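Here are the chains, one letter per residue:
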Amino acid sequence: GRRILGARDVLDVEEPPKSLIVIGSGAIGVEFASLFASFGAQVTIVELLDRIVPNEDADISDTLTKLFRRRKIKTLTAHKLTSLEADDDQVTARIEPAPGGEAQTLQAQLALIAIGVRANTGGLFADELDIDLDEDGHLMTDRDARCPTYQTSQPGVYAVGDVIGPPYLAHVASAEAQVCVERLAGQTPDRIDYTAIPACTYGSPQIASIGVTEQHLQSQGSEYRIGRFQFTGHGMAVALGHNVGRVKLIADAQTHILLGAHLIGHNVTEMIGGLATAMRLGATLEDLAATVQPHPTQCEAIREAALGALGKAVHG
């Protein structure tokens, strides 16, 4: 059978491998790394950048690295793959530190390539349609217009989802399709706010995030306020036996309007929906701090993080 796999090929694996090399540590990479580690595989993740899940906030990356270490999942960051070979029994990967340096060799039963997503537009249309593509091969639409219809450069041809570009998320594709069809029906739906799209990674632990990261604001020279709350002493998390992880809120320094939220831990993908609503409504830290959450639930951590950002922490 095949030894070097893409994400879709994993579905054809008859039994979990005893060892696995994962190239790339985005959502797909860490999800499969977590999955196969739970089956007992020895997993090594190779990432070119200096931290895993590099699109997430750095605090989330740091927490996930520590939790993976506890699970015996090895992470090699700032390393690039120089060669990958397979024979009947194993794969051999040669890697080296990204700036250059001494190479090392890794061997495993299987390797998973999880280093990016491309639009698959080949064969979608007859050549004579000549629909415009952007420089990355995505179908170009009017999605950034004030009243988008998701029409391509060819009148009467519409496109939504991964094929028109990131974020590559099922819920984004579904929302785009709804807006497109409602426009075609003569309705006036609200346009999608692509700056406030929740993203979820379904590993163990889960990751959920929305809005900007602290690193983005730092690069822009923006002033901001941070609120954090650890699940370590959180009542519901302790009761569930999953008291690792954190909630991190980022707000504007002056207005206290929520700009981003970054969560890692058990079931946090069920918590991000409320924060998406809060961002949509322009909620402030004061709004989140004043919202009484049901007890005992993990959502109490959101209020605790907001109180912490305001210097009013009760349990922080």
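What you see is a predicted model; the values in this text were computed from it and never measured.

Reading the values: rules and limits
- Residues numbered from 1 in each chain as written.
- Predicted model: local features only at pLDDT ≥ 70, side-chain atom pairs only at ≥ 80, totals over all residues.
- Heavy atoms only, no water.
- Helix = DSSP H or I, 4+ residues; strand = E, 2+ residues; numbered from the N terminus.
- Buried < 20%, exposed > 50% of the residue type's maximum accessible area, 1.4 Å probe, protein only.
- Pairing = 2+ DSSP bridges.
- Core = buried A, V, L, I, M, F, W, Y, C linked by side-chain atoms within 4.5 Å.
- Contact = heavy atoms within 4.5 Å.
- Axes fitted to C-alpha atoms, helices over the stretch in contact; angles between N-to-C directions.

Draft legend 1. Local environment of the side chain of Thr284. Checked against the element boundaries, Thr284 lands in the loop between α6 (272-280) and α7 (285-290). Given the relative accessible area of 15%, Thr284 is considered buried.

Draft legend 2. Broad picture of the pairing of strand β13 (residues 258-265). Counted residue by residue, β13 has 7 buried out of 8 residues, so it is predominantly covered. Two strands pair when backbone bridges link them, and strand β10 (residues 206-211) and β13 are joined in this way by 6 bridges, in the antiparallel orientation. Among the inter-strand pairings, Ala208 is bridged to a residue of β13, identified as Leu263. As paired strands, strand β12 (residues 245-252) and β13 are joined by 7 bridges and run antiparallel to one another. Across the sheet, residue Lys248 finds its bridge partner in β13, namely His262. Connecting the antiparallel pair β12 and β13 is a turn made up of 5 residues, with His256 showing a positive phi of about 65°.

Draft legend 3. Broad picture of the nonpolar core. Counting 31 residues, the largest nonpolar core has Val247, Leu249, Leu263, Met271, Leu275 and Leu288 as its most contacted members. Mapped by element, the contributors of at least two residues to this core are β10, β12, β13, α6, α7 and α8 (300-309). With 6 residues, the single largest contributor to this core is α8. Not counting residues up to four positions away in its chain, the partners in contact with Leu275 are Leu249, Leu258, Ala261, Leu263, Leu288 and Ile302. Core analysis: the next-biggest nonpolar cluster, separate from the first, contains 23 residues, Phe36, Ile52, Leu64 and Ile73 among them.

Draft legend 4. Spotlight on the sheet that holds strand β5 (residues 79-86). Pairing is antiparallel in the open sheet, where 3 strands are placed in the order β5-β6-β7. Looking at which strands have only one partner, the edges of the open sheet turn out to be β5 and β7 (104-108). Shown here is a sheet whose adjacent strand axes are inclined to one another by a mean of 25°, direction ignored.

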